[in-house]
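# Architecture and fold: a report
What follows is each chain in one-letter form.
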Amino acid sequence: MKQKNTSFIIIALFLAGAFMPLILKQYHLNMLTEIIIFALFAVSYNLLLGYAGLLSFGHAMFFGLGAFMTAVAIIHIPGLALWNAILIGVVTTIIAGFVIGSLLLRHKGAYFALLTLAFNALFYAVATKWHSVTGGDDGLSITRPDLSLGFTSISMASLTHFYYLTLIIVGAAIVFCWYFTHTAMGKTVLLMRENEERMKFLGYNTNISRLLLFTFTGAVAGLAGSFYTLHFQFVSISAISVDMTTAVLLMAFVGGTKTFWGPILGAFVYIILQNYLSNITDRWPLFMGFIFVSMVLFIPGGLSEVIMNIRQRLFGKKDNNGGKSAASEEV
Amino acid sequence: MNEIPVFFLHGLAYAGLLFLVSAGLTLVFGMMNVLNFAHAAMYMLGAYFSYSIMMHFTGQFWLSLMVCPAILFIIGALIERFLLRRVHKFGHVQELLLTFGLAYIITELVKWYWGNYPLAVNIGGFLGSTIQIIGITYPVYRIFIFLCAIFVGTVMALILYKTRLGIILRAAVNDSEMTNTLGVNVPLVFMGVFAFGAALSGFAGVIAGPLLSTFPGMAQEILLDAFVVIVVGGFGSLGGAVVASLLIGQLQSFGVLLFPKLSIALVYLLMAVVLIIKPSGLFGEEQ
């Protein structure tokens, strides 16, 4: 696609993000930080669902693992640098992703979905029972360590500072995921979904590609989880629960799994709806459920499909792959 | 020391319940290739309907055991006809997402209508009493659950392998187009299968009410155990479901006795071992 155009949009988004602390109130800035973190989580989920066609009901185990490892590391290792806390979270999820992936990826479709759900439940059970480490139902409270840059150290106590850190690191991770979809590896994944037999015939080892992708998305989810802990300065077992998987599934699907940016939009809509609907009614999950099911039934492409259609009507832009399934425009 | 027979019987009772839940799940999966995430949510609906019926018509357990599966049968038929069939052409991922979304909605509706707290169902009469068996006093109700499971399992096996309906079902699974051409209304058959699965889940829900309490988390709790049963027994295999239910029932029961802290993990451990040794499950066909 038009690479230049996209780079321009990315830079514009970063610049807009950089000005946000000047415009937004503390409450909204808080929400925006949350949105960026969940956008990364949803993007990583969509690499599995939209790009590889793997429906996982266990993505929260990586998110939660990253979140808990960061919290546990900060609590038990005094004077731990912020970078290392994040690194510990990510490295653990890489290992977990590799082990779990090699166990589960032999299965496909419904089997895979079911097994990921079961593994998520196992992680949840361990987190609930292992009270001495995870705090069980009480969760863990932490204080954000300061960010040391070698020559100077920046206090992370203020939300604005942490927002900038999130914008830069998490934003960069999202851009990296976008870059990943354009690499040879990213395209292998996409083609594998379309015709695995042919890819095998062409000499690609599809099992290894899938395992690498699974590990990669797990690590990215772990990074998001790590920032989730740092953002709320708290982590509870809800971070590793099946509800968290449901949340990310809703974000990715409502936003649209057929485009790269759909899940980002989905995270935005989800967090905002959650914040405003939960003020109006306790039943907001029910509304989300109805939105989700009606989307599955009527608009499988999510919000991004709606937007693409409107754009096509307004500007008459012909997307040469418009009707085709998921993310094929990226090829 | 009569702990061991007690826990053995506990295990049998839970195995019976597990079989009732997973039989419907594995039936629908084996026949229609749809993994129904809403199955446990329908089981929960059955339990709640039963609670309401027994509140209105004090203690009419047998009535709710008849009525609830019938209601769930209708709900299942409607879901298949108007929702599942629509997304079938989009493929498996959409079907899974749909049933997952339905489970989510049903859980929220239950929380809304009945409240987010446990409701106790008391069962009176003979079923609520105890009986002397192999030298110990044991609740009749738990034995009743196990007998129900045997009954349902036998009926299902008889229908599948001894009747004309069973032949049609197996033919429709093997080659639905050919069966359709031979004059069988295959979409109707699939609707019936799904509705029957839903009715079974409702039946299991009614049975579960007095044993476990009725609460919004009960769906997820049993869903995971039922999934493990299906994985261990082999996808879509009724015989596998029987063996795996018995295995997991005992594992849960003695797990609590022997390793109280690890009891949850034991079940998943068994699943992981089966997955490594025989990925298709104990009685599953090779994929």
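Since the structure is predicted, the reported quantities are computational estimates derived from the model, not experimental observations. (Residues numbered from 1 in each chain as written. Chains lettered and ligands numbered in written order. Predicted model: local features only at pLDDT ≥ 70, side-chain atom pairs only at ≥ 80, totals over all residues.)

### Looking at the overall build of chain B
Of regular secondary structure, chain B possesses 11 helices and 2 strands. Shown N-terminal to C-terminal, the secondary structure of chain B runs as helices and strands in the order α-α-α-α-β-β-α-α-α-α-α-α-α. The C-alpha radius of gyration computed for chain B amounts to 19 Å, which stays within 12% of the reference 19 Å derived for 287 residues, consistent with globular compactness. The principal-axis extent of the C-alpha atoms belonging to chain B is close to 60 × 50 × 35 Å. Nonlocal contacts in chain B, meaning residues at least 24 apart in sequence, comprise 74% of its contacts between residues at least 6 apart. (Helix = DSSP H or I, 4+ residues; strand = E, 2+ residues; numbered from the N terminus. Rg over C-alpha atoms; globule rule 2.2 N^0.38 Å. Contact = placed C-beta atoms within 7 Å.)

### Some details on the overall build of chain A
For chain A, the helix and strand inventory stands at 14 helices and 4 strands. For a compact globule of 331 residues, the expected C-alpha radius of gyration is about 20 Å, and chain A comes in at 20 Å, within 12% of that figure. If you line up chain A on its principal axes, its C-alpha atoms span 55 × 45 × 45 Å. When each of the 331 residues of chain A is scored for burial, the buried share is 45%. (Buried ≥ 20, exposed ≤ 12 C-beta atoms within 10 Å, placed from the backbone.)

### A closer look at the confidence of the model for chain A
Taken over all residues, the pLDDT of chain A has a mean of 85, while the share at 70 or more is 95%. Considering only residues more than four positions removed or in separate chains, one finds that residues 320-331 of chain A, a stretch of pLDDT under 50, has 20 contacts. (pLDDT = per-residue confidence, 0-100.)

### Describing unusual backbone geometry
With a phi angle near 55 degrees, A:Gln233 is a residue other than glycine that sits in the positive phi range. Among the structural elements, A:Gln233 can be located in the loop between helix H10 (206-232) and strand E4 (234-235).

### Details of the interface of chain A and chain B
In this complex, chain A contributes 31 residues to the contact, which on the side of chain B involves 31 residues. Residue assignment for the side of chain A that touches chain B shows that the elements contributing at least two residues are helix H5 (109-129), helix H11 (242-255) and helix H13 (284-298) of chain A.

### With respect to the environment of A:Leu212
Along the chain, A:Leu212 turns up in helix H10. A sequence separation of 115 residues divides A:Leu212 from A:Gly97, and the C-alpha atoms of the two residues are 9.0 Å apart.

### Topic: the nonpolar core
In terms of nonpolar packing, the biggest core is built from 189 residues, with A:Leu40, A:Ala42, A:Ala118 and A:Ile240 touching the most fellow members. With residues up to four places along the chain from it excluded, the contact list for A:Ile240 reads A:Ala60, A:Met61, A:Gly64, A:Leu65, A:Phe68, A:Phe123, A:Tyr124 and A:Ala127. (Core = buried A, V, L, I, M, F, W, Y, C linked by C-beta atoms within 7 Å.)

### Structural notes on H5(A)
Working note: α-helix, 3.6 residues per turn, so residues spaced by three or four point in the same direction. Between its first and last C-alpha, H5(A) extends 31 Å over 21 residues, near the 30 Å set by a 1.5 Å rise per residue. Taken across its 21 residues, H5(A) has 15 buried, putting it largely inside the fold. (Expected span 1.5 Å × (residues − 1).)

### Focus: the packing of helix H5 (residues 140-162) of chain B against helix H8 (residues 186-211) of chain B
When two helices pack together, their arrangement is given by the angle between the helix axes and the distance between those axes. All names here are of chain B. Close contact between H5 and H8 brings their axes to 10 Å; oriented N to C, the two are set at 165 degrees. Our classification of the angle between H5 and H8 gives roughly antiparallel. Both H5 and H8 take part in a crossing whose hand is left-handed. Across from Tyr141, Ile145 and Cys148 in H5, the residues of H8 making contact are Ile207, Pro210 and Leu211. Partitioned by chemical class, the residues of the contact of H5 with H8 number 6 nonpolar, no polar and no charged. (Axes fitted to C-alpha atoms, helices over the stretch in contact; angles between N-to-C directions. Parallel < 35°, antiparallel > 145°, perpendicular 65-115°, else oblique. Left-handed = near helix turned anticlockwise from the far one by under 90°. Nonpolar A, V, L, I, M, F, W, Y, C, P; charged D, E, K, R; others polar.)

### Quick word on the pairing of strand E1 (residues 130-133) of chain B
Residue and element names in this part refer to chain B. Looking at chain direction, E1 and strand E2 (residues 136-139) are connected through 4 bridges and run antiparallel. Bridged to Gln132 within E2 is Thr137. Connecting E1 to the next strand, E2, in antiparallel fashion are 2 residues, including Ile134 with a positive phi near 30 degrees. (Pairing = 2+ DSSP bridges.)

### Some points on the environment of A:Ile86
Residues and elements named next belong to chain A. Mapped onto the elements, Ile86 comes out in helix H4 (residues 82-104). On the neighbour-count criterion, Ile86 (22 C-beta atoms within 10 Å) is buried. Spatially, the C-alpha atom of Ile86 lies 7.6 Å from that of Phe227, the residues being 141 residues apart in sequence.

### Topic: the environment of B:Pro216
All names here are of chain B. Position of Pro216 among the secondary structure elements: in the loop between H8 and helix H9 (218-233). Separated by 108 residues in the primary sequence, Pro216 and Glu108 place their C-alpha atoms 8.4 Å from one another. When sequence neighbours within four positions are dropped, the list of residues in contact with Pro216 reads Thr107, Val110, Lys111 and Asn116.

### A closer look at H9(B)
Residues and elements named next belong to chain B. In a regular helix each residue adds 1.5 Å, so 16 residues correspond to 22 Å; H9 covers 22 Å between its end C-alpha atoms and thus fits that length. With 15 of 16 residues buried, H9 is to be regarded as a mostly interior element. Looking one or two residues past H9, Gly234 carries a phi angle of roughly 105 degrees, positive in sign.

### Focus on the confidence of the model for chain B
Of the residues in chain B, 98% reach a pLDDT of 70 or more, and the chain-wide mean stands at 86. Mean pLDDT across the secondary structure elements of chain B bottoms out at E1(B), with 77, and peaks at H8(B), with 91.

### So, the packing of H11(A) against H13(A)
Residues and elements named next belong to chain A. One can describe the packing of H11 onto H13 by two numbers: an axis separation of 10 Å at closest approach and a directional angle of 45 degrees. In terms of their interaxial angle, H11 and H13 are classed as oblique. In the crossing of H11 with H13, the sense of the turn from one axis to the other is left-handed. Contacts between H11 and H13 pair Leu250, Phe253 and Val254 from the former with Met288, Ile291, Phe292 and Met295 from the latter. Across the contact of H11 with H13, the residue classes break down as 7 nonpolar, no polar and no charged.

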